[in-house]
Amino acid sequence: MILTWLYAPGDRPEVVAKALSRGADAVIVDLEDAVAVSRKEYARAATAELLTERPPVPVHVRVNALDSPWGGADLTALAGLRGLAGLRLPKISAPEQITAVADRTGGVGLHALLESALGVERAYEIARAHPALHGLSLGEADLRADLGVSAEAGLDWPRSRVVVAARAAGLAPPAQSVFPDIRDLEALAASCARGRALGFLGRAAIHPRQLPVIERAYLPGPEEVTAAEEIVTAARATPGAQALPDGRFIDPAVVAAAHRTLALAGRPR
């Protein structure tokens, strides 16, 4: 179960090497926004070399946009590499884009980044486009620009939309988009709490210092674990809907949520 994703620029192999040892559940090597045009080919070659063997943690690669001069070459260079855990596809706005990549990459797990109003509007169709698609996320910087919003409230509906679309398609809950201020950890924690309340699970980070904040925000606290244990114990003793001694009503949906809480609390590290 992945809660923390750490971005690293593909043209900085030394930074990627450090990222692999910083405790993230997965590392995302970025060939797109983090890499200047003049270094695209070098970043691709360095990443392909890294992934000839399996790294110590899962490595996903954010390729360049499919309609860019580099996207196709990225897919060709990376598909089939032993160490590639998945591909993150930016600027996705149509299900046909997912199908086209799946046909080229031989079943590697895909992750669609929705970064436009059109992508958000088509979120469900994209989410169910192909079995190789394993997840959705928002690219919030580009989406803000497309929608012309600056306040956090302006993204509440797109965030809920992508959560609902992913779950309706049978995908895992999405991870939150990156928090751009690497120093304001208090604001990051508050943003994570808001994301968790909306149904997100985990978050991408752009600096290692953000990782423990994200993990604390998304892991169940002691009170949540205790409450979940009480629910599961009561359900085992008396199957079906019932009221606990403290007045809490439980039914199969509540019990399923309690099992998810305990699974998250006990996830391997």
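Preceding this section is the structure that the text describes.
Below you will find a few notes about this structure. (Residues numbered from 1 in each chain as written. Predicted model: local features only at pLDDT ≥ 70, side-chain atom pairs only at ≥ 80, totals over all residues. Heavy atoms only, no water.)

Another aspect to go through is helix α12 (residues 252-265). End to end, α12 covers 20 Å across 14 residues, agreeing with the expected 20 Å (1.5 Å per residue, within 8%). Looking at α12, one finds that the buried residues are Val255, Ala258 and Leu264. In this fold, the buried residues of α12 make contact with α10 (211-218) and α11 (222-237). (Helix = DSSP H or I, 4+ residues; strand = E, 2+ residues; numbered from the N terminus. Expected span 1.5 Å × (residues − 1). Buried < 20%, exposed > 50% of the residue type's maximum accessible area, 1.4 Å probe, protein only. Contact = heavy atoms within 4.5 Å.)

Below, the discussion takes up the layout of surface pockets. Roughly 600 Å³ of volume is contained in the largest pocket. Around the largest pocket, the lining comprises 29 residues; the ones closest to its centre are Glu140, Ala141, Ser177, Val178 and Phe179. Where the lining of the largest pocket is concerned, the elements lending two or more residues are β1 (4-9), β6 (133-138), α7 (140-147) and β7 (203-205). In terms of residue class, the lining of the largest pocket is made up of 13 nonpolar, five polar and eleven charged. Roughly 480 Å³ of volume is contained in the second largest pocket. Considering the residues around the second largest pocket, the lining is formed by 15 residues, among which Pro173, Phe200, Leu201, Arg260 and Leu264 are closest to the centre. Elements supplying a minimum of two residues to the lining of the second largest pocket: α8 (156-168) and α12. Counting residues per element, the lining of the second largest pocket draws most heavily on α12, at four residues. Taken together, the residues of the lining of the second largest pocket break down into nine nonpolar, two polar and four charged. (1 Å grid on protein atoms, 1.4 Å probe; cavity = no way out; pocket = protein on both sides within 12 Å on 5 of 7 lines; lining within 4 Å. Points joined across faces, edges and corners; volume = space filled by probe spheres on them. Nonpolar A, V, L, I, M, F, W, Y, C, P; charged D, E, K, R; others polar.)

Attention shifts here to the side chain of arginine 62. With respect to the helices, strands and loops of the structure, arginine 62 is situated in strand β3 (residues 59-62). Residue arginine 62 is classed as buried on the basis of its relative accessible area of 10%. A distance of 3.4 Å separates the side chain of arginine 62 from the side chain of aspartate 33, its partner in a polar contact. Setting aside residues no more than four positions away along its own chain, arginine 62 makes contact with Tyr7, Ile28, Val29, Asp30, Leu31, Glu32, Asp33, Arg88, Pro90 and Leu113. (Polar contact = N/O pair within 3.5 Å; in protein donor to acceptor, adjacent residues only side chain to side chain.)

The next thing to look at is unusual backbone geometry. For lysine 91, which is not glycine, the phi torsion reads 60 degrees and is therefore positive. Turning to its location among the elements, lysine 91 is positioned in the loop between β4 (84-89) and α4 (95-105).

A few words on the packing of aromatic side chains. One pass over the structure, following the stated rule, counts zero aromatic pairs. The side chain of lysine 40 reaches across the aromatic face of tryptophan 70, ending 5.2 Å from its centre. Just above the ring of tryptophan 5 sits the side chain of arginine 88; from NZ or CZ to the centre is 5.0 Å. (Phe/Tyr/Trp six-rings, centres within 6.5 Å; stacked < 30°, edge-to-face > 60°. Lys NZ or Arg CZ within 6 Å of the ring centre and 35° of its normal.)

Moving on to the pattern of salt bridges. A full pass over the atoms with the stated rule returns 18 salt bridges. With its nearest N and O atoms 2.7 Å apart, the salt bridge here joins aspartate 74 to arginine 44. Taken together, the residues span a long stretch of sequence, with aspartate 74 in helix α3 (residues 71-78) and arginine 44 in helix α2 (residues 40-50) at a distance of 30 residues. Ionic pairing is found between glutamate 115 and lysine 91, a salt bridge with its closest N-O pair at 3.7 Å. Of the two residues, glutamate 115 sits in the loop between β5 (110-114) and α5 (117-121) while lysine 91 sits in the loop between β4 and α4, which places them 24 residues apart along the sequence. Taking the relative accessible area as the measure of exposure, glutamate 115 reaches 6% and is therefore buried. Put simply, Asp30, Glu32, Asp33, Arg62, Lys91, Glu115 and Asp142 are held in one network by salt bridges that share partners. (Salt bridge = Lys/Arg side-chain N within 4 Å of Asp/Glu carboxyl O.)

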